[in-house]
Amino acid sequence: MPKTYSDLFSEVRASVRVLTLEQLRAKLEERADFTLLDVREKDEVRGGFIPGALHVPRGFLEMQAEQKLPDKSREIVVYCAAGVRSVFAAKTLAELGYQNVWSANPGFVRWKDMAYPVEHPADLSQAQLDRYSRHILLPEVGEKGQEKLLESRVLLLGAGGLGAPATLYLAAAGVGTLGLVDADVVDASNLQRQVIHATSRIGMAKVDSAEKTINDLNPDVKVLKYQERLTSENVDRIFGQGWDAIIDGCDNFPTRYLVNDASLFHKIPVVHGSIFRFDGQVTTFAPFTGPCYRCLYPEPPPPHLAPSCAEAGVLGILPGIVGTLQATEAIKLILGRGEPLVGRLLTYDSMRMTFRTLKLRRDKGCPACGENPTLKSYVDYEGFCANVR
Amino acid sequence: MEVTVRIPTPLRSLTGGEEAVKVTGATVRAVIDGLEKAHPGMKDRLLDDKGVRRFVNIYVGEEDIRFLDGLETALENGQEISIVPAIAGG
C-alpha cells in the first residue's frame, strides 16, 4: 500500500533533529555561529522573518543549497511557517550530505505570536522589486541595500562629460534623489560625449535636458536642479541639503578647490574625477579621514599650463569610463560596501589601456584638513588659480 | 640606475610623443636632470625654485616622493617613476 502524507511526514520527522523556538531564540541571543535558513516562499518572507535568516524557498532548495550553503559541516537551523516544510527541507539537506541540520518547530507563525524579534524586508513595491531585481539578487545589495539607495541623495557637479554617465547610472541604480548643478545649455559639441543629452535638446538647459532623460529612465528618482555656476556665495545653500556624496565632474580648477573646501566644511565625501585628452584620474575624498584635494595638489597649475578640454580636446569615451567609475564609488559609499578609493588615486590611460593606483596620504600641513588648518572660510578661488606661476 | 619615467599627456610634447622614457640616475633629482638633458624644458615643467611644483606629484612605484625623501629619494634599477599632474577637465 502506498504511503499517505501523514505516514511520510511522521517518518521524515522522526529522522530530523528538532529545536524548539525557545532554544533557537537562545542561540540567536548568544550569537552562536550557525546558519539560519528560511524555506518559506518569497511573499511569506515579505511579512517578516527571523533576524539574520538566509532565504531559500523550499522549491529551490535542492538546486540552490550548494551555492548558498557551501559548508556541509556547518550547523544549519531550518524554519518555515508551521514546521512541515522545514522538516522536509532538513531531510533533503541531510540527503545532500549536510551533517548538522536542525528543524526549528513549530515555526515563524508561532515565533511572531511569541513576540520574538522579527526583521522586516525593505518596503519595495512590486514594480521596484522587478526593476531592481538584478541588484536584489546580489547579497551585497539585497532589498535592504536597494532601499538605502532609494533613500540616498547624491549631488552631481556638472551635467557634462563626467556628470552625464554618472547621472545615468545613478538614476538607473535607483539613487532616490539626484541634485544637478550646471549653468550651461546643451551645445552640439557636447554630444560627442555627454550621453544624457540629445540632439533634439540643443539649446535647452543641461539640468532640464538631464532631468528629461532621468525621468524617462527611472521615475523613482527625484531631480533637484541648480541651474547656476557653483560659487562661494551659493555653495553653502547647495551643499547644505543633506547629500550623502558629491560627484565632482566640474571642468576647472577654481571650482575644484571650492568644492574641496566646502565639502570639508560640510563633511560630505567627494568622488573626484578629472580628465584630459586620453587620461583620467579618480579618487574619493573622505573628509578628515582620508586626504583631500589640497593634500593631493596643494596648488593648481598656472593657467597657461592647464588647457581645458575645450582647448585641448578629449576622447569622447574617456569621461564615460571615468564618470561610471565615479558612480561606482558613490554606490559603494551609500551601501557601505567594498573599499572606496580613499587614499588611492586611480589613473587611467586609455591609449595604453592601463589602470594604476597610486598611494595618497593626508598632508599634516594641509591648510584645509591638516593638524592646524588655516583655511576657515572661502577664498577668492579665481584669484588663487590665476596667480600661480 | 636605469629607471622608466612615465610621461603624462600634457608633457609628451617635450618627449616627441613618447609615453615612457628610460633615464639613468641614482636619485629622483638626478633622473630629472637626465630628463632635462634628453628633453630640454622638462625640468622647468616639474620643478620651481622651491622644489617639485605643487600641482605635480612624482611617484616612485606607488609612493609619492613627498612622503619618501623628496627629490633625494634613492632609486633602484628598473623602478618606475610616474609624473602625475593635476588635470581639471570634466
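Below or above, wherever it landed, is the structure these notes cover. Every value quoted in this text rests on a predicted model; they were computed, and no experiment measured them.

### Describing unusual backbone geometry
Residues and elements named next belong to chain A.
Here is step 1: Put simply, Asn 105 and Pro 106 share a cis peptide bond, and its omega is 0°.
Here is step 2: With respect to the secondary-structure elements, Pro 106 resides in the loop between β5 (101–105) and α6 (108–113).
Here is step 3: Even without being glycine, Ala 115 reaches a positive phi, approximately 60°.
Here is step 4: Counting through the fold element by element, Ala 115 comes out in the loop between α6 and α7 (126–131).

### Description of the pairing of strand β12 (residues 344–349) of chain A
It is a general feature of regular strands that their side chains alternate between the two faces of the sheet.
All names here are of chain A.
Here is step 1: In terms of burial, β12 is largely enclosed, as five of its six residues are buried.
Here is step 2: Across four bridges, the pairing between strand β11 (residues 279–285) and β12 is antiparallel. Residue pairing for β12: Val 282 is matched across the bridge by Leu 346.
Here is step 3: Of the strand pairs in this sheet, β12 and strand β13 (residues 354–359) are connected by six bridges, and their pairing is antiparallel. By the bridge assignment for β13, Leu 345 is matched with Leu 358.
Here is step 4: Hairpin connection, β12 to β13: the antiparallel pair is bridged by four residues, and Met 353 has positive phi, about 50°.

### Quick word on the environment of Asp 187 of chain A
Residues and elements named next belong to chain A.
Here is step 1: Relative to the helices and strands, Asp 187 is located in the loop between β7 (177–181) and α11 (206–217).
Here is step 2: Classification of Asp 187 as partly exposed rests on a relative accessible area of 38%.
Here is step 3: As a C-alpha pair, Asp 187 and Arg 201 span 14 residues in sequence and 8.7 Å in three-dimensional space.

### As for the interface of chain A and chain B
Here is step 1: Counting residues at the interface gives 40 residues for chain A and 27 residues for chain B.
Here is step 2: In this assembly, chain A packs against chain B so that about 2800 Å² is buried in total across both faces, 53% of it on carbon and sulfur atoms.
Here is step 3: Linking chain A to chain B there are six salt bridges.
Here is step 4: Measuring nitrogen to oxygen at the nearest pair gives 2.6 Å for the salt bridge that ties Glu 80 of chain B to Arg 356 of chain A.
Here is step 5: At the junction of chain A with chain B, the criterion picks out 19 residue pairs in polar contact (both at pLDDT 80 or more).
Here is step 6: If you list the elements that add at least two residues to the side of chain A that touches chain B, you get α13 (253–266), β10 (270–276), β11, α14 (293–296), β12 and β13 of chain A.
Here is step 7: Classifying every residue of the side of chain A that touches chain B by side-chain character gives 18 nonpolar, nine polar and 13 charged.

Rules used throughout
- Residues numbered from 1 in each chain as written.
- Chains lettered and ligands numbered in written order.
- Predicted model: local features only at pLDDT ≥ 70, side-chain atom pairs only at ≥ 80, totals over all residues.
- Heavy atoms only, no water.
- Helix = DSSP H or I, 4+ residues; strand = E, 2+ residues; numbered from the N terminus.
- Buried < 20%, exposed > 50% of the residue type's maximum accessible area, 1.4 Å probe, protein only.
- Pairing = 2+ DSSP bridges.
- Contact = heavy atoms within 4.5 Å.
- Buried area = accessible area lost by both parts, 1.4 Å probe.
- Salt bridge = Lys/Arg side-chain N within 4 Å of Asp/Glu carboxyl O.
- Polar contact = N/O pair within 3.5 Å; in protein donor to acceptor, adjacent residues only side chain to side chain.
- Nonpolar A, V, L, I, M, F, W, Y, C, P; charged D, E, K, R; others polar.

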